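# A look at the structure
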Amino acid sequence: MTVKRSVSLPDDVAEWLDQQPNVSAAITAAVRAQMAVVHVHEVLRRAGIEVTEAGRARWRERLATPIPPDALAEGRRMLGGAG
């Protein structure tokens, strides 16, 4: 079943949607992605881990650093050359 909704959007979002071949699919994918994030945060909260903006910023910074080539090679060696 599907339900029709009417929403107000910022100009930049509306412009992006105007470029999509299937607006409903684009919105559905975005909302489902947000739903998944909320679910992960809820699971973490239940496990006693509170997700904060400061923690997210630390992980973004940490993950922005490329894996050193020697560590990447060692990981691939350990996985038997996979990936």
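Residues numbered from 1 in each chain as written. Predicted model: local features only at pLDDT ≥ 70, side-chain atom pairs only at ≥ 80, totals over all residues. Heavy atoms only, no water.

## Notes on the overall build of the protein chain
- Of regular secondary structure, the protein chain possesses 4 helices and 0 strands.
- The order of helices and strands in the protein chain, counted from the N terminus, is α-α-α-α.
- For the protein chain, whose C-alpha radius of gyration is 20 Å, the value lies well above the compact-globule estimate of 12 Å for 83 residues.
- Here the protein chain, with 83 residues, has 5% of them falling under the buried criterion.
- For the protein chain, the accessible surface area stands at approximately 7700 Å², while carbon and sulfur atoms represent 60% of it.
- Averaging the coordinates of the 11 positive side-chain charges in the protein chain and doing the same for the 10 negative ones gives two points 9 Å apart. (Helix = DSSP H or I, 4+ residues; strand = E, 2+ residues; numbered from the N terminus. Rg over C-alpha atoms; globule rule 2.2 N^0.38 Å. Buried < 20%, exposed > 50% of the residue type's maximum accessible area, 1.4 Å probe, protein only. Areas by Shrake-Rupley, 256 points an atom, 1.4 Å probe, with all protein chains shown as cover. Lys, Arg positive; Asp, Glu negative; His and termini not counted. Charge placed at Lys NZ, Arg CZ, Asp CG, Glu CD.)

## A look at helix α2 (residues 23–46)
- A rise of 1.5 Å per residue sets the reference length of α2, with its 24 residues, at 34 Å; its end C-alpha atoms lie 35 Å apart and thus fit the reference within 8%.
- Near the N-terminus of α2, the side chain that reaches the backbone nitrogen of Ser24, with its oxygen 3.2 Å away, is that of Asn22.
- Directly after α2, the chain includes Gly48, whose backbone phi takes a positive value near 90°. (Expected span 1.5 Å × (residues − 1). Polar contact = N/O pair within 3.5 Å; in protein donor to acceptor, adjacent residues only side chain to side chain.)

## Quick look at a nonpolar patch on the surface
- A contiguous nonpolar surface patch, about 320 Å² in accessible area, is contributed by Val23, Ile27, Val31 and Met35.
- Here Val31 is to be found in helix α2.
- The exposure class assigned to Val31 is partly exposed, which follows from its relative accessible area of 44%. (Patch = residues over 30% accessible without salt bridge, like charges linked within 9 Å, V, L, I, M, F, W, Y side chains within 5 Å. Salt bridge = Lys/Arg side-chain N within 4 Å of Asp/Glu carboxyl O.)

## Some remarks on the pattern of salt bridges
- Counting across every chain of the model gives 6 salt bridges.
- Measuring nitrogen to oxygen at the nearest pair gives 3.5 Å for the salt bridge that ties Arg45 to Glu50.
- One salt-bridge network, held together by shared partners, links Glu42, Arg45, Arg46 and Glu50.

Geometric values such as these leave the question of function open.
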